[in-house]
Amino acid sequence: MKFLIWGVILALVMFWLLRPKAKPVAQRKPRAAVDAPEAMLQCAECGMHFPSSEALPAATGEVFCCEEHRRHHASR
């Protein structure tokens with residue numbers, strides 16, 4: 001039983017010493033550009049604001065929030 005306890009203690013110490021170390025804040029990579037602000041556009045049909053990455057442009061240069069609004073606006 002005594003050897004089992006010493007074995008567990010030794011395993012915990014080895015685990016503690018061999019664990020990966022966290023890098024200091026100065027050495028970490030900067031956050032991805034995902035956190036960067038994105039331009040907001042307004043749908044020409046309903047007026048809703050949405051991110052520019054989700055825009056659906058029309059041949060006339062207008063942008064829409066969904067395909068349905070783009071079709072509805074073109075049919076006029």
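Residues numbered from 1 in each chain as written. Predicted model: local features only at pLDDT ≥ 70, side-chain atom pairs only at ≥ 80, totals over all residues. Heavy atoms only, no water.

1. A short note on the overall build of the protein
The criterion, for reference: Working definition: helices are DSSP H or I runs of at least four residues, strands are E runs of at least two. Numbering for both runs from the N terminus. By the convention used here, residues are in contact when the closest approach between their heavy atoms is within 4.5 Å.
Looking only at helices and strands, one finds two helices and four strands in the protein. Taken from N to C terminus, the helices and strands of the protein fall in the order α-β-β-β-β-α. Sequence-distant contacts, at least 24 apart, represent 11% of the contacts inside the protein between residues at least 6 apart.

2. Describing the packing of aromatic side chains
To keep things clear, this is the line we draw: Stacked, edge-to-face and tilted labels apply to pairs of Phe, Tyr and Trp rings (six-membered ring for Trp) whose centres lie within 6.5 Å, assigned for plane angles under 30 degrees, over 60, and everything in between, in that order. Should the NZ of a Lys or the CZ of an Arg lie within 6 Å of a ring centre and within 35 degrees of the ring normal, that charge is described as sitting over the ring.
Applying the stated criterion across every chain, the model contains zero aromatic pairs. We note Arg19 situated over the ring of Trp16; from NZ or CZ to the ring centre the distance is 3.7 Å.

3. So, the nonpolar core
Stated precisely, the cut-off is as follows: Among the buried residues, those of types Ala, Val, Leu, Ile, Met, Phe, Trp, Tyr and Cys that are joined through side-chain atoms within 4.5 Å form a nonpolar core. Accessibility here uses a 1.4 Å probe with only protein chains present; expressed as a share of the type maximum, an area under 20% marks a residue as buried, one over 50% as exposed, and anything in between as partly exposed.
Of all hydrophobic cores here, the largest spans five residues; its members are Cys43, Phe50, Ala55, Val63 and Phe64. Setting aside residues no more than four positions away along its own chain, Phe50 makes contact with Ala39, Met40, Leu41, Gln42, Cys43, Ala55, Val63, Phe64 and Cys65.

4. Quick word on helix α1 (residues 2-18)
In plain terms, the rule: Helix span is expected to be 1.5 Å times the residue number reduced by one.
The end-to-end C-alpha distance of α1, which contains 17 residues, comes to 24 Å, matching closely the 24 Å that a straight helix rising 1.5 Å per residue would cover. Taking burial as the measure, the 17 residues of α1 include zero buried ones, a minor fraction of the element.

5. Structural notes on the confidence of the model for the protein
This is how the line gets drawn: Residue-level confidence of the predictor is what pLDDT reports, using numbers from 0 through 100.
Of the residues in the protein, 83% have a pLDDT of 70 or more, and the chain-wide mean is 86. In the model of the protein, α1 stands out as the element of lowest mean pLDDT, 90, in contrast to strand β1 (residues 40-42), which has the highest, 96.

6. Quick look at the pattern of salt bridges
The line we're drawing: Basic side-chain nitrogens of Lys or Arg form a salt bridge, by our definition, when they fall within 4 Å of a carboxyl oxygen of Asp or Glu.
With the rule as written, the count across this model stands at one salt bridge. When the shortest N-O distance is used, the salt bridge between Glu67 and Arg70 registers 2.4 Å. Note that Glu67 and Arg70 are positioned in helix α2 (residues 67-74) at a spacing of three residues, about one turn of the helix. Judged by its relative accessible area of 35%, Glu67 is partly exposed. Given the relative accessible area of 24%, Arg70 is considered partly exposed.

7. Considering the environment of Phe64
Relative to the helices and strands, Phe64 is located in strand β4 (residues 63-64). You can call Phe64 buried: its relative accessible area is 1%. Sequence-distant contacts of Phe64, defined by excluding residues within four places in its chain, comprise Cys43, Ala44, Glu45, Phe50, Glu54, Ala55, Leu56, Ala58, His69, Arg70 and His73.

8. Some remarks on the state of the cysteines
Quick reminder of the rule: Disulfides are defined as cysteine sulfur pairs within 2.5 Å.
Under the definition given, this model contains zero disulfides. You can see Cys46 has no disulfide; the closest cysteine sulfur is in Cys43, sitting 3.7 Å from it. Owing to a relative accessible area of 41%, Cys46 belongs among the partly exposed residues under this scheme. Between Cys65, a free cysteine, and Cys43, which holds the nearest cysteine sulfur, the sulfur-to-sulfur gap is 3.7 Å. Classification of Cys65 as partly exposed rests on a relative accessible area of 22%.

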